[in-house]
Amino acid sequence: MNLFELTKALMAIPSTSGEEEAVGFWLRDYLESLGWTVQLQAVSENQNNVIATLNDTPRVWFSTHMDTVPPFIPPTEDDEKIYGRGACDAKGIIAAQICAANILKNYVDPSYKDIGLLYTVEEERASTGAKVVNNHPLATKCEYMINGEPTDNDLATGSKGTFRLNIRTSGRAAHSAYPEEGDSAIEKLIDILDDIRNAKFPNDEFFGETTVNIGTIGGGLALNIIPPKAEAGLAIRLTTKREPVEKVLREIVGDRAEIEVLSCSEPVRMLEIDGFNQKVVRFTTDIPHMPNWGQPLLLGPGSILVAHTKDEFILKKDLEEAVELYVDLAKQLLAKPANA
Ligand SMILES: [Zn+2]
C-alpha cells in the first residue's frame, strides 16, 4: 500500500475519540503483515494503544494519535489533496510515519531498525492513551520520541500548554419584574468574564503570549426569571507554568464565583535539530503526558488551521515531504551515541 492509499485506508475507518478499537485492530494487522511485532495495550474495554517494534532496542520512536474529532468525514481526493476527517490530524501523519519507518527498516544497516511506532487513543479528549502508555516498560528504551501533529512540516521547538476550567456563578431567582428581589448569576458572570478579557496574564519570551478563549457559556432559566445560575468554560493557552496564571485568575474571580479546574498541561520545550525549519506551536499534544518516553520532538505534515474543521485536508506533496523529513530526523537521532 502506498502513502496515499494508506492515508485513505486509515481515514476510511471512523475513530472518533472513544471509538478507536477498529482502527487499532486494522493497524495491528497491517503492521504485522509488514513484519513488525505489535502489541495492543488496553486503555479501556474497547480502546487500545498500538505499539510496534522490530527488535529489543527501539531508541527512536514515532508517535501520534489514532482518534479524531467528530464528525466522521469519509476520505475523498483530487490530484493535489486528500480531504476528510483525519487527513492531517492525524491519519496522514500515521501513514507518513509508517512509510518512513518501513524505509528505515529496509536499510541494510541493522541500527536503523532501532525504531518503534506508538499510536495512542483519545488524544483529542484528555490524552488518556498517552497517560496509560507513559508507564509502559518500553518507555525506558526510548531515547527520542518524534511525535506527529500538523506543524506544516516544521520542527516544533516548543508547544504551549492548555489550562481548561469552568467558572460558575450563583444568584437568587426572582420574578424579572422585581429584580431587587433576586440576584443575577448571569450579570455576575459577565462582569467576571469582562475582567478576565481585560486582565494581563504573564507571557514568556520563548513561548509568546498567554491567550484565553471563553469557549462555552450558559445559564438562566427563562426570559422572565432572574437567573440563579450561570457558567462559562475557558481554555487558556499557557506560555508559563500554570501557577502564575492561576494566581491572576483567582485574584480576578475572588469570591464572586467557583472555579472548577478540568485539566492542565504545561508548555513543553522540545529538541532542536539543525537543518530543519523550527517554530513554536500554540496547540498542545500527547507529549506532556508521556515524560517517560525520552526527549520529545514534534513534526508533522499539514496545517493545524484546517484540523478540526469540515474542510480538513492534507496536501499530497506535504505527505511525501514528511516521509523524507521523518527518515532524515530518525537517522540523525539514531546516529547519536546510545544512552549507556
Ligand atoms: Zn492531533
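Residues numbered from 1 in each chain as written. Predicted model: local features only at pLDDT ≥ 70, side-chain atom pairs only at ≥ 80, totals over all residues. Heavy atoms only, no water.

Q: Any details on the packing of helix α5 (residues 185–197) against helix α6 (residues 242–253)? Residues and values, ideally.
A: Between α5 and α6, the least distance of the axes is 10 Å, while the angle of their chain directions is 145°. Crossing of α5 over α6 shows right-handed handedness. Across from Ile192, Asp195 and Ile196 in α5, the residues of α6 making contact are Leu249, Ile252 and Val253. The class makeup of the residues in the contact of α5 with α6 is five nonpolar, no polar and one charged. (Axes fitted to C-alpha atoms, helices over the stretch in contact; angles between N-to-C directions. Helix = DSSP H or I, 4+ residues; strand = E, 2+ residues; numbered from the N terminus. Left-handed = near helix turned anticlockwise from the far one by under 90°. Contact = heavy atoms within 4.5 Å. Nonpolar A, V, L, I, M, F, W, Y, C, P; charged D, E, K, R; others polar.)

Q: Describe unusual backbone geometry, listing the residues and the values that go with them.
A: A cis geometry characterises the amide bond from Pro70 onward to Pro71, with omega recorded as -5°. In this structure, the amide linkage connecting Asp89 to the following residue, Ala90, adopts the cis form with an omega of 5°. In this structure, Ser127 takes a positive phi of about 55° despite not being glycine. By the secondary structure assignment, Ser127 is in the loop between β6 (115–120) and α4 (128–133). Relative accessible area serves as the criterion here: at 4%, Ser127 is assigned to the buried category. The phi torsion at Asp152 lies on the positive side, around 60°, for a residue other than glycine. (Buried < 20%, exposed > 50% of the residue type's maximum accessible area, 1.4 Å probe, protein only.)

Q: Break down the coordination of the zinc ion for me, citing the residues and quoting the values.
A: Coordination of the zinc ion by the protein comes from His65 (NE2), Asp89 (OD) and Glu149 (OE), over a distance range of 1.9 to 2.1 Å. Here the donor residues of the zinc ion share one chain and are spaced in sequence as H-x23-D-x59-E. Of the two residues, Asp89 sits in helix α3 (residues 87–105) while Glu149 sits in the loop between β7 (144–147) and β8 (155–159), which places them 60 residues apart along the sequence. In terms of burial, Asp89 and Glu149 fall into one category: buried. (Donors = N, O, S within 2.8 Å, 3.2 Å for Na, K, Ca; no water.)

Q: Report on the side chain of Gln41, specifying residues and quantitative values.
A: Counting through the fold element by element, Gln41 comes out in strand β1 (residues 37–44). Ignoring sequence-local partners within four residues, the contact set of Gln41 consists of Gln47, Asn48, Asn49, Ile51, Val132, Val133 and His136.

Q: Lay out helix α7 (residues 316–334) in plain terms, naming residues and giving numbers.
A: Between the first and last C-alpha of α7 there are 27 Å, a value that for 19 residues agrees with the 27 Å anticipated at 1.5 Å per step. Among all positions of α7, only Lys316, Asp318, Leu319, Ala322, Val323, Leu325, Tyr326, Val327, Leu329, Ala330, Leu333 and Leu334 are buried. (Expected span 1.5 Å × (residues − 1).)

Q: Account for the pattern of salt bridges, naming residues and giving values.
A: In the structure shown here, the tally under the stated rule is 20 salt bridges. One salt bridge in this structure joins Glu143 and Arg59, with 3.0 Å as the shortest N-O distance. Placement of Glu143 in the loop between α4 and β7 and of Arg59 in the loop between β2 (47–53) and β3 (60–65) is noted, with a sequence separation of 84 residues between them. Assessed through its relative accessible area of 9%, Arg59 is described here as buried. In this structure, Asp194 and Arg197 form a salt bridge, with 3.7 Å as the shortest nitrogen-oxygen distance. Placement of the pair is Asp194 and Arg197 together in helix α5, with a separation of three residues, close to one helical turn. Residue Asp194 is classed as partly exposed on the basis of its relative accessible area of 35%. One salt-bridge network, held together by shared partners, links Lys8, Glu77 and Lys316. (Salt bridge = Lys/Arg side-chain N within 4 Å of Asp/Glu carboxyl O.)

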